[in-house]
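In case you want the letters, here they are:
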Amino acid sequence: MFAIAGKPAQQSVGDTIQVLAGRLGTAQLLEDRRASIAGIRSLAKQYPASGKLQSSSIASSALRGLIAGLSKDGEDVDTVKVTLETLLMLFNPDKNSAEASEELALWIADEFTQRQENINLLLDFLDTNDFYSRLYSLQLLSAILSSRTERTEECIFAAPLGISRLVAVLADNRDAIRNEGLSLLIHLTPTSTELQKRVAFEDAFERIFNIIKSEGSLLHGDRIVEDCLILLANLLRFNVSNQSFFREAGCVPKVARLLNDTLREQGSEPEVAEWAKLQRNRNIYALLAVLRLFLTTGGVGTQTNQASFWQSGVLNQVLQLAFNRATEMQIKVEALITCADLIRGNASIQEQFAQLKVTSVLDEPLGEGTQAIQQNGIAQVYVIDGLLDLTLSVPLLTAFDSRLAACECIKAYFYNHPVIRKHFLRRAIEGHTSGADETANVLTTLLQPLDSHVSINPYRSWFAAVILFHLIFEDANGKSLAMSVTEGDASQGEEVVTCIQTLTENLLNGIQRNVDERVLVAYLMLLCGWLFEDPDGVNDFLGEGSNIQSLVQMGLRPAGDEIIVQGLCAMLLGIVYEFSTKDSPVPRATIHPILASQMGRDQYIDRLTKFRGHPLVRDFEVLPQNLNAAPPGSLPDVLFDKTFVDFVKDNFSRLLRAIDRDPGMEVPVIANGVQKGISREMVDSLRSQLEEKDKALHKSEEELLSKSRQLGQEQADHRRAKETFAVELGRIKQVNEALHRHHEEDLNKLRAEQSRMLQDHQRQLEHVQKTAEANADRTRKRMEAEIADLQSHVTKLEADLSKANKNHIQDLQTAHDEYTANKAEQEARLQRAEEKAKDFEARSEVAAARIRKAELSLAKMEKEKQAVQNELDDLLMVFSDLEAKVTRYKEKLQALGEVISDDEDEDGDAEEVEDDVD
């Protein structure tokens, strides 16, 4: 009897892996190697790294054998398929397996990326037509890329024709392969500029648009359309070269056609499922995001991109999409922001933009005399009117994001364009002063008294204030034009109230009535931006002396939820004091004690510091400025404009120190590059000089008066001397007559003496008279000369002052013109040089790619030729051996006495050949 054998010992997983890995490395037959790989595949899902990457694990024992098998048996489709499946299982083991870990994927990725040949091997499979070879190779490359991104990018970039093969996958008719290739390119191109260029120059743009068209365009396309747009965004983001190539390749009209098809079909299509509507919105949003990549503010090619989109009609189509009533709200918002980017900073497009027409957002029927145009029963209005209506006249909370985007579009319309800004402001002033019922007028909105609409729609005032803020901010001409707006008719005995005073009155009324904080912030933002560096505006504000006291009282309230309003009030007070003068209605010397004593320096600094540290100001750049950030049914926490926040942060330290500035020290203001007015130091210096000249003139007049009095005194003395002489002459005549009567000689003596004395007196009289007249004339001439000299000196000083101001203005204007001309010339030269360099670079890259492709093709053909020759030599040797064996077998059979005919010889030979082959 035979003994029954016992149950054989069960082999462990580690031992099985070792056996299979050994067979994979030593098996000579293809079937044996394929069977080993199949066995390893059956264990890869559950035991990818048995023993934690020790010698008995699949990853450590069989990985290199699997990779080598791809190279050795690459022509056998079935072996390649099972090998790639096994490798994919190692990257994606069963989640329930205790051996699954991220370290395993990193280790396998390192094994592939440490040798360039391994990545080249996977890319070579993309040249085959086998479905699984192409699909699994793409999936394996994606797995390696996700684990070792940077190194994989380098290997793919360095692989011969690697990028070309990947981009060629986009043209595969099999959706699974095409989609996998699209996904791989998306993950390959987000960061590397060189990879982006290589992919773009392999005709990727054309292939992407073909996929979008074949998948149903934006309206009917699924996730693949969105993926195509994501890949497009990767290739264009911050890549000026690819953006230029995109324009030159004629892709802008294709974008225009996509938008045109969307507009044409959007309103006429039947009801669609919610998931389809969501995907459609994602597709449109992705395309708009791609457009915005071309429109970076201040970018090198932004102006050229804007012009290209305008010429292709993209701007008008995006605008119509934004105002289409069938468009979802999030798409309207993105479309309006895209429109703002399309026109911002481009003067020619800004000037033509206002001529476009859009669908009215208001639902009121058209009245008689209305100039609006109807299209399909819906009113058409000019785009600026439509944007103003959307911004100011749509009170719905759900429309807040679109209102904010429309406001951005209005700001972009007059951004950096003084002529349009002045025209916009002038139209607003004319509409307000005419008394027309313009609900979408920013001035009317801000100057009308606060009523119940403020609590219902607080953002109406906020948007109006933001628009007016941008119209006048850092624009002296705009401020002057806005200051011309007044309320009240003086001819009818009404009090004339200026625009600034009306705004301040509304602000103070809002503070007293405790209206919505957003309204108060709107007025405070506007006043701070207006009065900064505007002494005329500050004087207008101080025309109502109680304004200072009211703002101080607001700042002195107990700190609570009013940090922002109190901080802005303190900032407004600091601006008013900083730019006031001693000639202001409320002089600096009066304002300073109010701030220093009533409010207090510590309180002032505390209010400003708390305001600056408030999250809405401090974290403005990172906080979302939209409705989604607010609780459902609540107003969003959007209180500030970006430009105002930048203004606050730039001037915070200056306003913080304003309260410490001496009242006697005033700040000169430079407006539009020219000093507005003169500094207080110069005024005081000229006044002191004028006072000194007045004193010198007064002294000269007093001296002249003294000389005149002296002359009068001398003339009186002369008259008295003359009278005395006449008396003496009479007395002498009497004596002479007495002497004449007594003696003739005495008479003669007396006559001679008389004649002598008369002559002496006459000479003395003439001498005194001439001396007095000469002194008087000399004194008069000296005084007149001094007066004339003083007057000419004063005139010269005034002329010198006027000439100095005039020369200063002319020098500044000349320097500015020369700088503008030089800058324009240098920019033109730079742009021409960059365009030539880009063209040369593109041509050289294309030529290099063609050369490399030709060399690789030639090497491959030589290799294939050598392989075929080797196979032929091997077959000849095999046939020679077979013939020798047949001959020996015949001889042996004949020696044994067998008779073999020719047919049997042939049959026997055939059978033995078959046995030998087996």
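Given the structure is predicted, the values throughout are model-derived calculations rather than measurements.

Moving on, we come to the overall build of the chain. From N to C terminus, the chain includes 40 helices and 7 strands. Considering the chain as a whole, with its 918 residues, one finds that 42% of them fall into the buried category. Contacts in the chain between residues far apart in sequence, at least 24 positions, make up 72% of those at least 6 positions apart. When the accessible surface of the chain is totalled, it reaches about 49,600 Å², and 52% of it is carbon and sulfur.

Turning to the packing of helix α31 (residues 517-531) against helix α34 (residues 563-578), a few remarks are in order. One way to put it is that α31 packs onto α34 with a least axis distance of 10 Å and a crossing angle of 20°. Here α34 runs roughly parallel to α31, going by the angle between their axes. The handedness of the crossing between α31 and α34 comes out as left-handed. Mapping the contact onto sequence places E517, L520, V521, L524, L527, C528 and L531 in α31 and I564, V565, L568, C569, M571, L572, I575 and V576 in α34.

Our focus in this paragraph is the state of the cysteines. One pass over the full model with this rule turns up 0 disulfides. As a non-bridged cysteine, C407 has C409 as the owner of its nearest cysteine sulfur, 10.0 Å distant. Taking relative accessible area as the criterion, C407 reaches 2% and is therefore assigned buried. C528 forms no disulfide, and the closest cysteine sulfur to it belongs to C569, at a distance of 8.5 Å.

Another aspect to go through is the packing of aromatic side chains. Considering all chains together, one arrives at 23 aromatic pairs under this definition. Their ring planes at 90° and their centres at 5.3 Å tell us that F294 and F309 sit as a pair that is edge-to-face. One end of the pair, F294, is in the loop between α18 (274-293) and α19 (302-311); the other, F309, is in helix α19, and 15 residues separate them in sequence. Relative to F644, the ring of F640 has its centre 6.2 Å away and its plane inclined at 10°; by these criteria the two rings are stacked.

Right, let's get into the environment of S147. Counting through the fold element by element, S147 comes out in helix α8 (residues 131-147). You can call S147 buried: its relative accessible area is 18%. For the pair formed by S147 and I108, sequence separation is 39 residues and the distance between their alpha carbons is 9.0 Å. Contact partners of S147, with chain neighbours within four places excluded, come to F91, A105, L106 and A109.

On to a nonpolar patch on the surface, then. Together, V868, L872, L875 and F879 give the surface a local cluster of nonpolar side chains, amounting to about 390 Å² of exposed area. Within the secondary structure, L872 is located in helix α39 (residues 744-895). Taking the relative accessible area as the measure of exposure, L872 reaches 44% and is therefore partly exposed.

Counting through the fold element by element, F112 comes out in helix α6 (residues 102-113). Judged by relative accessible area, which is 0%, F112 ranks as buried. Apart from the residues within four sequence positions on either side, F112 is in contact with I67, L87, N118, I119, L122, L140 and I144.

Relative orientation of the contacting elements helix α17 (residues 252-266) and α18 amounts to 145°, with a least axis distance of 12 Å. Viewed along their axes, α17 and α18 form a crossing whose handedness is left-handed. Along the contact surface, α17 presents V255, L258, L259 and T262, while α18 presents I284, L287 and L291. When its residues are assigned to classes, the contact of α17 with α18 shows 6 nonpolar, 1 polar and no charged.

What follows covers a negative patch on the surface. On the surface, E75, E864, E871, D873 and D874 cluster together to form a negatively charged patch. Counting through the fold element by element, E871 comes out in helix α39.

A positive phi is found at L161, a non-glycine position, where the angle reads about 55°. Despite not being glycine, S217 shows a phi value in the positive range, around 60°. Among the secondary structure elements, S217 is positioned in helix α14 (residues 217-220). The class for S217 is buried, based on a relative accessible area of 15%.

Close approach of charged atoms allows side chains with opposite charge to pair. Taken as a whole, this structure holds 35 salt bridges when the rule is applied. The shortest N-O distance in the salt bridge between D124 and R165 comes to 2.6 Å. Of the two residues, D124 sits in helix α7 (residues 116-124) while R165 sits in helix α10 (residues 162-168), which places them 41 residues apart along the sequence. Taking the shortest distance from any N to any O, the salt bridge between R223 and E226 comes out at 3.5 Å. Highlighted residues: R223 and E226, both in helix α15 (residues 223-236), separated by 3 residues, approximately one helical turn. Through salt bridges that share partners, R223, E226, D227 and R282 make up one connected network.

Here we come to the nonpolar core. In terms of nonpolar packing, the biggest core is built from 212 residues, with L166, F246, F353, L387, F640 and F644 touching the most fellow members. The element that contributes the greatest number of residues to this core is α31, accounting for 12 residues.

With that out of the way, let us pick up α17. Between its terminal C-alpha atoms α17 stretches 21 Å, which fits the 21 Å expected from 15 residues at 1.5 Å a residue. Looking at α17, one finds that the buried residues are V252, K254, V255, A256, L258, L259, T262, L263 and Q266. Structurally, α17 contributes buried residues whose contacts are with α13 (204-214), α14, α16 (240-248), α18, α19 and α20 (314-323).

Among the structural elements, Q317 can be located in helix α20. Overall, the relative accessible area of 14% leaves Q317 in the buried class. Other than its neighbours up to four places away in sequence, Q317 contacts A256, L259, N260 and L263.

If you check helix α30 (residues 499-513), its first and last C-alpha atoms are 21 Å apart, about what 15 residues at 1.5 Å a residue would give, namely 21 Å. Across the 15 residues of α30, 11 count as buried, placing the element largely inside the fold. For α30, the complete set of buried residues consists of C499, I500, Q501, T502, L503, T504, N506, L507, L508, G510 and I511. Where α30 ends, the next residue or the one after it, N514, has phi of about 55°, a positive value.

By secondary structure assignment, the location of V519 is in helix α31. If we ignore the near neighbours within four places in the chain, the residues touching V519 are L450, V454, P458 and S461.

This part covers the side chain of Q380. Note on placement: Q380 falls in strand β3 (residues 378-382). Within polar-contact distance, the side chain of Q380 engages the side chain of T359 at 3.2 Å.

Summarising the model, the chain shows a mean pLDDT of 83, and 84% of its residues fall at 70 or more. Confidence drops under pLDDT 50 across residues 50-56; counting only partners more than four residues distant or on other chains, this segment forms 18 contacts.

Conventions used here
- Here the residue numbers are simple positions, counted from 1 along each chain's written sequence.
- With the structure being a predicted model, the display of local features is reserved for residues of pLDDT at least 70 and the display and counting of side-chain atom pairs for 80 or more, all residues being used for whole-chain, interface and lining totals.
- Where side-chain values are given, they derive from all heavy atoms of the structure, hydrogens and water being excluded.
- For helices the rule is a DSSP run of H or I covering at least 4 residues; for strands it is a run of E covering at least 2, with both sets numbered from the N terminus onward.
- Burial classes follow relative accessibility: with a 1.4 Å probe on protein chains only, a residue under 20% of its type's maximum area counts as buried, one over 50% as exposed, and anything between as partly exposed.
- The contact criterion used throughout is that any non-hydrogen atoms of two residues lie within 4.5 Å.
- Each accessible area is a Shrake-Rupley estimate made with a 1.4 Å probe; only the visible protein chains count as cover when residues are assessed.
- Structural elements are reduced to axes, namely lines fitted to C-alpha atoms, with helices fitted over the stretch in contact, and the angle between N-to-C directions of any two is expressed from 0 to 180 degrees.
- When describing relative orientation, an angle under 35 degrees is termed roughly parallel and one over 145 degrees roughly antiparallel, while 65 to 115 degrees is termed roughly perpendicular and anything else oblique.
- What makes a crossing left-handed is the near helix being turned counterclockwise from the far one by less than a right angle; a clockwise turn instead makes it right-handed.
- The rule for a disulfide is simple: a pair of cysteine sulfur atoms within 2.5 Å.
- Any two rings among Phe, Tyr and Trp, with Trp reduced to its six-membered ring, count as a pair given centres within 6.5 Å; such a pair is stacked if its planes are under 30 degrees apart, edge-to-face if over 60, and tilted if neither.
- Each patch is assembled from residues with relative accessible area greater than 30% and no salt bridge, linking like charges that lie within 9 Å and nonpolar side chains (Val, Leu, Ile, Met, Phe, Trp, Tyr) that lie within 5 Å.
- The salt bridge definition used is simple: a Lys or Arg side-chain nitrogen within 4 Å of an Asp or Glu carboxyl oxygen.
- Residues are grouped as follows: Ala, Val, Leu, Ile, Met, Phe, Trp, Tyr, Cys and Pro are nonpolar; Asp, Glu, Lys and Arg are charged; every other residue, Gly included, is polar.
- This count recognises Lys and Arg as positive and Asp and Glu as negative, with His and chain-terminal groups excluded.
- Working definition for charges: the position is that of NZ of Lys, CZ of Arg, CG of Asp or CD of Glu.
- Take the buried Ala, Val, Leu, Ile, Met, Phe, Trp, Tyr and Cys residues and link them wherever side-chain atoms come within 4.5 Å; each set so joined is a nonpolar core.
- Each residue after the first adds 1.5 Å to the expected span of a helix.
- N or O atoms closer than or at 3.5 Å make up a polar contact, with two conditions inside protein: a donor-capable atom paired with an acceptor-capable one, and, for residues adjacent in sequence, both atoms drawn from side chains.
- Predictor confidence is given residue by residue as pLDDT, running from a minimum of 0 to a maximum of 100.

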